[in-house]
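Architecture at a glance
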Amino acid sequence: MLNKILKIKYPIIQGAMANIATAEFAAAVSNCGGLGIIGTGAMNVEEARASIQKCKKLTEKPFGVNVMMMNPYTKEIMEMIAEEKVAVVTTGAGNPGIYMDMLKASGAKVFPVVPSVALAIRMERSGADALIVEGGEAGGHVGEQTTMALVPQVVDAVNIPVIAAGGVADGRGLNAALSLGAIGVQVGTCLLVADECPIHENYKLATIKAKDTDTIVTGRSLNSPVRVMKNKMTREHLRLEAEVSDREELEKLTLGALRKAVFEGDMQNGSVMMGQIAGMCKEQKPLQKILDDIMEGSKKELQNLISKHEEMSW
Ligand SMILES: Cc1cc2nc3c(=O)[nH]c(=O)nc-3n(C[C@H](O)[C@H](O)[C@H](O)COP(=O)(O)O)c2cc1C
């Protein structure tokens, strides 16, 4: 299980969230028994180093760092991470193959986030220690496949451990992931409503109010799909995508849009990233309670599952 591999209490990774998963937030998750991850997003190397050093001061527990492969400073950030020696490196939106040996030599475990069986197989060949297999119901940059269909296919295709991401927010979700063959889960959306989550109050409220159908994927036609809450910006984005596919216009529209949502609380023009499971995240709670509830729910639901099996008795 993931908790044994990482020597943490719970088999739960806090998914990286650019501008949100700060050193403080990651340390808080690690102190609550999960694996906190610093989201380096578009940081430069010095900003990323300062975050890692701050996180080391705030927790003695293992934590990880996420690198978005489209960041122009990726090479320098990877070299810095190898120097700083962190427990886990996760990667998003690309292939970290060329950095694998250097990171592993530094003692880090490398968990690429993958949206398909093909990339999963490539990452295993490149030496990944485990894979975070993310379905398209997740918030943020996503692939096409659903968690339900993708996780078991990757589990069958590789020989390294799989962590399921996308659509998990309670014990039922954790049990479902384990049933599909995963050894743990990565969650993002359900942590947006944590007391400690450093997003604008409007963002937290929007997550709490969201229904199952309130998110949409923009950028599919640009090969850069992102799941966000439906708002004025997404309507405009999808209109421009359909009409002109003018990359420059679209880039203008989304420039700084995540920051608008996270820091200014602009729920109309901001990129309010959240996953489909937001519809189930109905109350603000301390981080510790969110993680404890997932684990306790998992135990309780297991009993239900056993009873259901007994009733099936064929
Ligand atoms: C607001 C937000 C920002 C995200 N930013 C990143 C990111 O910077 N890098 C990354 O690899 N994944 C990112 N993700 C994906 C999460 O790390 C995680 O895999 C995902 O949220 C799990 O699915 P869920 O949203 O259904 O819980 C983001 C997700 C959200 C909700």
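Remember, predicted model here, so these are calculated numbers, not experimental data.

Before going further, it helps to examine the sheet that holds strand β4 (residues 88–92). Here eight strands make up an open sheet; going across it, the order is β1-β9-β8-β6-β5-β4-β3-β2 and the pairing parallel. The outermost strands of the open sheet, each flanked by one partner alone, are β1 (12–14) and β2 (36–39). The average undirected angle you get between the axes of adjacent strands in this sheet is 25°. Taken together, the four bridges between strand β6 (residues 131–134) and strand β8 (residues 162–165) define a ladder with parallel strand orientation. Paired with Ile 132 across the strands is Ile 163, a residue of β8. Running over the sheet, helix α3 (residues 45–58) touches β2 and β3 (63–68) and is turned about 165° from β3.

Given 3.6 residues to a turn, an α-helix orients residues that are three or four positions apart in the same direction. Listing the buried residues of helix α4 (residues 74–84) in full gives Thr 74, Ile 77, Met 78, Met 80, Ile 81, Ala 82 and Glu 84. Elements that come into contact with the buried residues of α4 comprise α3, β3, β4 and α5 (100–105). Phi for Lys 85, located one or two positions after α4, is positive at around 60°.

This part covers the pairing of β3. For β3, the tally of buried residues reaches six of six residues, placing the bulk of the element in the interior. A two-sided burial pattern is seen for β3, the buried positions comprising Phe 63, Val 65 and Val 67 on one face and Gly 64, Asn 66 and Met 68 on the other. Where β2 meets β3, four bridges bridge the pair, whose relative direction is parallel. The residue bridging Ile 38 from the neighbouring strand is Val 65, located in β3. Handedness of the crossover is the feature at issue here: the chain leaves β2, passes through α3, returns alongside β3, and the resulting connection is right-handed. Handedness of the crossover joining β3 and β4 through α4: right-handed.

One pass over the full model with this rule turns up 14 salt bridges. A salt bridge links Lys 75 to Glu 79, with the shortest nitrogen-to-oxygen separation between them at 3.1 Å. Placement of the pair is Lys 75 and Glu 79 together in helix α4, with a separation of four residues, close to one helical turn. Judged by its relative accessible area of 33%, Glu 79 is partly exposed. Arg 172 serves as the salt-bridge partner of Asp 170, at 2.8 Å between the closest nitrogen and oxygen. Judged by its relative accessible area of 19%, Asp 170 falls in the buried class. One network of salt bridges, with partners in common, ties together Glu 46, Arg 49, Lys 56, Glu 83 and Glu 84.

Analysis parameters
Residues numbered from 1 in each chain as written. Predicted model: local features only at pLDDT ≥ 70, side-chain atom pairs only at ≥ 80, totals over all residues. Heavy atoms only, no water. Pairing = 2+ DSSP bridges. Helix = DSSP H or I, 4+ residues; strand = E, 2+ residues; numbered from the N terminus. Axes fitted to C-alpha atoms, helices over the stretch in contact; angles between N-to-C directions. Contact = heavy atoms within 4.5 Å. Buried < 20%, exposed > 50% of the residue type's maximum accessible area, 1.4 Å probe, protein only. Right-handed = clockwise from strand over helix to strand, strands pointing away. Salt bridge = Lys/Arg side-chain N within 4 Å of Asp/Glu carboxyl O.

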